[in-house]
Amino acid sequence: MCGIVGYIGNGNVYDVLIKGLQRLEYRGYDSAGIALLTPDNKINVYKTRGKVSALENFCRDKNTESRLGIAHTRWATHGEPTDNNAHPHYSEDGNLALVHNGTIENFKVLKDALQQHGVHFHTETDTEVLVQLIEFIKVQNSCSLLDAVREALKQVVGAYAMAVIDKNEPDQIIAARKSSPLVVGIGDDEMFLASDATPFVDHTKNVVYIDDEHIAIIRKGEPLRIVDFENKESKVSVKQLEWSISQLEKGGYPHFMLKEIFEQPETLRDCIRGRAVADQGKVILNGVLSNSEKFLNANRIIIVACGTSWHASLLGKSLIQQFCRIPVDVEYASEFRYSKPVITDKDVVIAVSQSGETADTLAAIQIARDKGAFVYGISNVVGSSIAREADSVLYTQAGPEISVASTKAMCSQMVIMALIALYYGQRKGLLDAKTRHEALAALHGLPKQIEDALPAMRETAQMLSPLYASAHSFFYLGRGHAFPLALEGALKLKEISYIHAEGYASGEMKHGPIALIEPEFPTFALAFNDALFPKVKSNIVEVQARRGPVIALANPGADLHVEHLWTIPSAWGPFNAFLALPAMQLFSYEMADYLGKDVDQPRNLAKSVTVE
Ligand code: G6P
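Parameters at a glance
- Residues numbered from 1 in each chain as written.
- Predicted model: local features only at pLDDT ≥ 70, side-chain atom pairs only at ≥ 80, totals over all residues.
- Heavy atoms only, no water.
- Helix = DSSP H or I, 4+ residues; strand = E, 2+ residues; numbered from the N terminus.
- Expected span 1.5 Å × (residues − 1).
- Buried < 20%, exposed > 50% of the residue type's maximum accessible area, 1.4 Å probe, protein only.
- Contact = heavy atoms within 4.5 Å.
- Polar contact = N/O pair within 3.5 Å; in protein donor to acceptor, adjacent residues only side chain to side chain.
- Pairing = 2+ DSSP bridges.
- Axes fitted to C-alpha atoms, helices over the stretch in contact; angles between N-to-C directions.
- Core = buried A, V, L, I, M, F, W, Y, C linked by side-chain atoms within 4.5 Å.
- Near = heavy atom within 4 Å.
- Nonpolar A, V, L, I, M, F, W, Y, C, P; charged D, E, K, R; others polar.
- Parallel < 35°, antiparallel > 145°, perpendicular 65-115°, else oblique.
- Left-handed = near helix turned anticlockwise from the far one by under 90°.
- Phe/Tyr/Trp six-rings, centres within 6.5 Å; stacked < 30°, edge-to-face > 60°.
- Lys NZ or Arg CZ within 6 Å of the ring centre and 35° of its normal.

A. The arrangement of helix α4 (residues 127–141) in detail. Helix length check: α4 (15 residues) gives 22 Å between terminal C-alpha atoms against 21 Å at 1.5 Å per residue, within 8%. The buried fraction of α4 is high, at 12 of 15 residues. Here α4 has its buried residues at T127, E128, V129, L130, V131, Q132, L133, I134, E135, F136, I137 and K138. Among the structural elements, β5 (89–90), β6 (96–104), α3 (107–116), α5 (145–155) and β7 (158–166) are those in contact with the buried residues of α4. Downstream of α4 by a residue or two, S142 has a phi angle that is positive, lying close to 45°.

B. Layout of the side chain of K259. Along the chain, K259 turns up in helix α6 (residues 256–262). Separated by 2.9 Å, the side chain of K259 and the backbone oxygen of E249 make a polar contact. Those residues in contact with K259, other than ones at most four positions away along the chain, are S246, Q247, E249, K250, G251 and Y253.

C. Spatial organisation of the side chain of S353. Its location among the elements puts S353 in strand β20 (residues 347–353). Residue S353 is classed as buried on the basis of its relative accessible area, which comes to 2%. Only 2.8 Å separates the side chain of S353 from the backbone nitrogen of G356, close enough to count as a polar contact. The contacts of S353, once residues within four sequence positions are left out, are S309, T358, T361, I378, S379, N380, I386 and Q413.

D. Expanded view of the sheet that holds strand β23 (residues 473–478). The strand order β24-β23-β25-β26-β27 describes an open sheet built from five strands, whose pairing is parallel. A strand with exactly one partner marks an edge of an open sheet, and here the two such strands are β24 (500–505) and β27 (564–567). With direction set aside, neighbouring strand axes in the sheet form an average angle of 20°. In this sheet, strand β25 (residues 523–527) lies alongside β23 in parallel orientation, the contact comprising three bridges. Counterpart to Y476 in the pairing with β25 is F524. Contacts from helix α16 (residues 482–497) reach β23, β24 and β25, with the element oriented near 175° to β24. Against the sheet, helix α18 (residues 576–594) makes contact with β23, β25, β26 (550–554) and β27, and its axis sits at roughly 175° relative to β23, the strand it touches most.

E. Just the nonpolar core, in detail. I350, F474, Y476, F524, L526, W566 and F587 are the most contacted members of the largest nonpolar core, which has 95 residues in total. When residues of this core are assigned to their parent elements, the largest contribution, 13 residues, is made by helix α14 (residues 408–427). When neighbours within four sequence positions are excluded, Y476 is seen to be in contact with A486, G489, A490, L493, A501, E502, G503, Y504, F524, M584, F587 and S588.

F. Structural view of the site of the ligand. Around the ligand, a shell composed of 14 residues is seen, among which S309, S353, Q354, S355 and T358 lie nearest. Within the backbone of A606, one N or O atom sits 2.9 Å away from an oxygen atom of the ligand. Here the residues of the shell around the ligand are counted per class, giving four nonpolar, eight polar and two charged.

G. How the structure looks around the sheet that holds strand β13 (residues 225–228). If you walk across this open sheet you meet the seven strands as β5-β6-β7-β8-β12-β13-β14, and the pairing is antiparallel. On the outer flanks of this sheet lie β5 and β14 (233–234), each paired with one strand and no other. Examined bridge by bridge, β5 and β6 share two bridges and lie antiparallel to one another. The residue bridging Y90 from the neighbouring strand is A97, located in β6. Across the sheet, α4 touches β5, β6 and β7, and the angle it forms with β6 is around 130°.

H. Highlighting the packing of α14 against helix α15 (residues 433–468). At a minimum axis separation of 11 Å, α14 and α15 run at an interaxial angle of 160°. The orientation of α14 with respect to α15, classified from their angle, is roughly antiparallel. Between α14 and α15 lies a crossing whose hand is left-handed. Contacts between α14 and α15 pair L419, L422 and Q426 from the former with R436, A439, L440 and L443 from the latter. Tallied by class, the residues present in the contact of α14 with α15 amount to five nonpolar, one polar and one charged.

I. Spatial organisation of the pairing of strand β9 (residues 183–186). Alignment of β9 against strand β10 (residues 191–194), held across four bridges, turns out to be antiparallel. The residue of β10 that forms the bridge with I186 is M191. Here β9 folds back onto β10 in antiparallel fashion, the turn holding four residues, of which D189 has a positive phi close to 55°. Note: β9 against strand β11 (residues 206–209), three bridges, orientation antiparallel. Looking at the pairing, V184 lines up with V208 of β11.

J. Highlighting the packing of aromatic side chains. A complete count under the given rule lists 20 aromatic pairs for this structure. Aromatic side chains Y476 and F524 sit 4.9 Å apart centroid to centroid with 10° between the ring planes, which places their arrangement in the stacked category. Residue Y476 is located in strand β23, and its partner F524 is located in strand β25; the two are separated by 48 residues in the primary sequence. Like Y476, the residue F524 is buried in the burial classification. Centroid distance F524 to F587: 5.2 Å. Interplanar angle 55°. Geometry classified as tilted. Remark: F587 occurs in helix α18 and F524 occurs in strand β25; sequence separation between them is 63 residues. The residues F524 and F587 share a single accessibility class, namely buried. Stacked on the ring of F58, the Lys or Arg K62 has its end atom at 4.3 Å from the ring centre.

Here's what the structure looks like:
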């Protein structure tokens, strides 16, 4: 959701910024723009609705010579995605240009006050208020850009990452953040600024994560400085990125989503390496060892998450309850934060987020901590806000996920959930040695099992997609461990193929949804070979009795008579979920691809949702 890039250095500023914006495309956006400080200290802003490629076309006959610049991809919040509302925004006298990610909640109050002082506004955005306010303060107080930014941000309520340049103070970018991500990359005689490290990972691996309510002063030929809003200097702590360029490229696949689905065996291996020790029948979770008592003595576990991470959390609930016998609640972070939750210091909260930047999940963490609960973060992004806000963090180690629709990240979250459940089951003495050995051997077997199964799964998905692509709606049904997967299957289909789909607990079908069943309304049923199979089979038969076509995802030997019986290999108990997941992902992928949709960047969606 909105992406920021900035660059100061001897390279071609325009090229670096455009490449950076392309790398941020995965976050989701609807317009793009760039502000370039020319060698003679003028600011040229070029912006347009649509893709970064549209911006490149627009700039083709423009002057792009520059000494530094900032750029932006906008995901519209205040005002439609028009050329005019796209960032960067100029200040009234054209001295400043600013880009912003987030929302300014009190923009109306600030705008009214500025208008009373004669400031004119030219866009519908909340962002324009920020640039006008900074300029107003700068002129009124005859102060530096830095001081004006500090003062302005003290008046702003909301979430933001922002960057501003000033033609009267050239050779500098001032950037700040509160609840939205911002990272500085430090190269040789050059510095980068971005919403995450993807825009500059091929230039430098040295990164500085800017803390909340801090301001980065990026000046040519000077070391990076960071101050807080009171101008107090902060330590600049440089971290090393462990990403490689190949993780950011498609590597021969037509889409990142397909590549990431096929990366899941590797994701599993990376995630369990050193954590699931099969020959000793032990799980080792270094990140949580020092805080184990909190978990072991917890009255209750509350898991907060959004979207796909929420589905992984539901699987976590059934695993933790099964192996640890601790009650678990799973809450949408967006609901939790406004629900006046009853939390005590005997509760443990687990916040699950691929990006580590989801605004609602971050807010949920803050509430939980304020009430004294211990917070574990599960995130895929080292140094992300959620990783830093949590008391203890477990990284999912799935590598960068570029496709907006989350695939391998969910797989890794499911592994972490399984490891937590097994670890605490083992610590609480609730898991006998035999079960532990079986579970860990099964976990170690999963990568190879999935690797072997993926090509056939894709073939089946390719075969099914033309047969079902004309459907307007789908049900996804599952029970027990399969229920979260049914929800995820439906979400994936909606996200990328735009076919309406609903996930239901199979047993709930009779309580309303079954009224919709007719020959044009297919059902995708998860029917694993477990204790619930006979129940699921009855639910499938009920759908068929209403002439609803059924695709059943089942294990070999399943006694089912449906339109399409899709057989996948069996895994140990609840771990069937790990094999069902890629099959359903591939089904959605092939449906979307068959329908000619933009698989990696579905309309209206953002990868990292940094606003409420
Ligand atoms: C967005 C993404 C989803 C993701 C959700 C939660 O909606 O499009 O794929 O599941 O945010 O994101 P998180 O980074 O917190 O897991």
